[in-house]
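# Structure assessment
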Amino acid sequence: MKNFYLGADVSKGYCDFMLLDAKKRRIEEDFQLDDTFDGHQKLYHILSALCDQHPDAQIYAAVESTGGYENNWLDALVKFQSSLPLKTARLNPCGVHHNSKAGLERNITDAISAENVAKYIIEHPENVSYQQQDPLAALKKQWSFVKMLSKQKTQLLNQLESNLYAANPEILDYCKNGVSNWLLSVLARFPTAAKLAKARKSSLSSIAYVSDQKAIELIRTAKKSVASATDKITAQIIKATVGQIQQLAKAIEVQEKILAQSCSIPQVRLLKTFVGISDISAIGLILEIGSVERFATAKKLASFFGLHPIYKKSGDGTWGFHMSKKGRVVPRQILYMVAMVAVQRNPLIAEIYFKHTAEGMKKKAALGLCMHKICRIIYGMLKHNMAFDPHVDRKNSKKTAQGKTKIRKDKTRRYQSFDAKAPISARQNKKRKERKQSQSVDNAQCGIIEAPVPSS
């Protein structure tokens, strides 16, 4: 069987292609096709002619993730799989970029980029997952649309807060935990402190969730406001901003309902058994994860989300311990909110959180640790198709803790023991003394006697 590799560099409206064999030799010169019906058909005929020329051919094709421009080409290649010996993959551009840098490429063109994609799937087949048609593709688009609306709402809320600081800074005291619906209704009618100071108590109390006492307090603080912006333009901007926020909130609510109805699958119901995961959080996690079989271990799923810890270790020092944050942003945001709720309502996560904060860990770091824990729990639930059970997790943690009591030998020093006469630094000398002392204690407890290494 002959293997051929098709690399594609996608641009807006067109795509450059490069065909290589297993020895990275060009089958033909690079070619460019438009993202049209004719362009897709021409690509099919080119691949079909290659298969006719080589009946035992197997073609591997890949495109980089470019924010959506690659979807048409990826969908076309996946459809070609029904009639051609073809496998298609979507690649992380970070891996392709670093692989091309390792190849010491001096110039960057579309053709070279397509060739780099083909070289990557030749050199790193273990990092490439080939896919079939995704049944959740339409739901993923809707999920992206909801996230876009949420992002726009957040931007408008930030803009509103900036304008309120000049128009009615005292009312920001009610925004410490987010801008509530009753406050938006108040601002829609009385956008500035000057207008709020002239409002009647009955007008304010007619708004839902505004009591008479709260209405009196709002009017009193508005009369003493230090607001610098009292002009009509500022008032009109605040009104328009509030209107846009309210419209986006309604649109998000409608889209989330549609999403919940369309994504009623067993995996979503399974994740909801974990106390702290809501409908939308479960749907978002499932759409981001896709098939859990893509990830061999829980560590790989944590790396996909960017939750894994990273550090630097060189010579005598180890430093830079922190969360990677190099993975998917949206699921990490979901897990952050899930962890916030779970710390309050889920006894297992609360126990972990308060245990580490009591030991001196910072609250944000402890919350990140809980996110990693929840990610591993989610992996186990999906992998074994089991509802959340805290007793299972405690049992597994107990087994892990018992395994840590075993004496671990340093495999890096299997050919030579530590030499006291080596020209090492003071820090390394201190580490070796501490290590020798701890090992002597462990050996004495275990009844082990170490024989000295014979000198040559």
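My aim in this report is to walk through the structure given alongside it, one point at a time. Here the structure is a predicted model, which means the values were calculated and not measured.

## Quick notes on the sheet that holds strand β3 (residues 31-34)
- Strands sit in the order β3-β2-β1-β4-β5-β6 across an open sheet of 6 strands; the sheet is mixed. A strand with exactly one partner marks an edge of an open sheet, and here the two such strands are β3 and β6 (130-131).
- Strands in contact with helix α4 (residues 110-123) are β1 (2-11), β2 (14-21), β4 (57-64), β5 (86-91) and β6; relative to β1, the strand with the most contacts, it is inclined by about 140 degrees.

## Details of the pairing of β3
- The side-chain alternation of β3 yields one buried face, formed by Phe31 and Leu33, and one unburied face, formed by Gln32 and Asp34.
- In terms of strand pairing, β2 meets β3 through 4 bridges, oriented antiparallel. Looking at the pairing, aspartate 16 lines up with glutamine 32 of β3.

## Describing the packing of aromatic side chains
- Under the criterion given, the structure shown has 10 aromatic pairs.
- Ring-pair connections join several aromatic residues into one group, and the members of that group are Tyr5, Tyr60 and Tyr130.
- The ring centre of tryptophan 182 lies 4.2 Å from the NZ or CZ of lysine 214, which sits over that ring.
- In this structure, arginine 294 is placed above the aromatic ring of phenylalanine 304, and the distance from its NZ or CZ to the ring centre is 5.2 Å.

## Concerning the packing of helix α5 (residues 137-167) against helix α10 (residues 232-262)
- Between α5 and α10, the least distance of the axes is 9 Å, while the angle of their chain directions is 155 degrees. Classified by the interaxial angle, the pair formed by α5 and α10 is roughly antiparallel. With respect to the hand of their crossing, α5 and α10 are arranged in left-handed fashion.
- A class-by-class count of the residues in the contact of α5 with α10 yields 20 nonpolar, 9 polar and 2 charged.

## Structural notes on the layout of surface pockets
- Volume-wise, the second largest pocket comes out at about 1300 Å³.
- As for the second largest pocket, its lining consists of 39 residues, of which Ile352, Lys373, Arg376, Asp393 and Ser397 are closest to the centre.
- Elements represented by at least two residues in the lining of the second largest pocket include exactly β7 (309-314), β8 (317-323), α15 (347-358), α16 (363-384) and α17 (390-403).
- Considering every element that reaches the lining of the second largest pocket, the biggest residue donor is α16, with 13 residues.
- For the lining of the second largest pocket, the per-class residue count stands at 19 nonpolar, 10 polar and 10 charged.

## Some words on a positive patch on the surface
- Judged by side-chain charge, Lys195, Lys198, Lys232 and Lys239 come together as a positively charged surface patch.
- For lysine 195, the location among the structural elements is in helix α7 (residues 193-197).
- We classify lysine 195 as partly exposed; its relative accessible area is 42%.

## A short note on the pattern of salt bridges
- Taken as a whole and assessed by the stated rule, the structure comprises 13 salt bridges.
- Between lysine 79 and aspartate 75 there is a salt bridge whose closest N-O contact spans 3.2 Å. On the criterion of helical spacing, the pair formed by lysine 79 and aspartate 75 is a turn pair, its members being 4 residues apart in helix α2 (residues 71-80).
- Relative accessible area serves as the criterion here: at 47%, lysine 79 is assigned to the partly exposed category.
- One salt bridge connects aspartate 173 with lysine 176, and the closest N-O pair in it is separated by 3.1 Å.
- Each of Arg26, Glu29, Glu115 and Lys119 takes part in a single network of salt bridges with overlapping partners.

Calculation criteria
Residues numbered from 1 in each chain as written. Predicted model: local features only at pLDDT ≥ 70, side-chain atom pairs only at ≥ 80, totals over all residues. Heavy atoms only, no water. Pairing = 2+ DSSP bridges. Helix = DSSP H or I, 4+ residues; strand = E, 2+ residues; numbered from the N terminus. Contact = heavy atoms within 4.5 Å. Axes fitted to C-alpha atoms, helices over the stretch in contact; angles between N-to-C directions. Buried < 20%, exposed > 50% of the residue type's maximum accessible area, 1.4 Å probe, protein only. Phe/Tyr/Trp six-rings, centres within 6.5 Å; stacked < 30°, edge-to-face > 60°. Lys NZ or Arg CZ within 6 Å of the ring centre and 35° of its normal. Parallel < 35°, antiparallel > 145°, perpendicular 65-115°, else oblique. Left-handed = near helix turned anticlockwise from the far one by under 90°. Nonpolar A, V, L, I, M, F, W, Y, C, P; charged D, E, K, R; others polar. 1 Å grid on protein atoms, 1.4 Å probe; cavity = no way out; pocket = protein on both sides within 12 Å on 5 of 7 lines; lining within 4 Å. Points joined across faces, edges and corners; volume = space filled by probe spheres on them. Patch = residues over 30% accessible without salt bridge, like charges linked within 9 Å, V, L, I, M, F, W, Y side chains within 5 Å. Areas by Shrake-Rupley, 256 points an atom, 1.4 Å probe, with all protein chains shown as cover. Salt bridge = Lys/Arg side-chain N within 4 Å of Asp/Glu carboxyl O. Lys, Arg positive; Asp, Glu negative; His and termini not counted. Charge placed at Lys NZ, Arg CZ, Asp CG, Glu CD.

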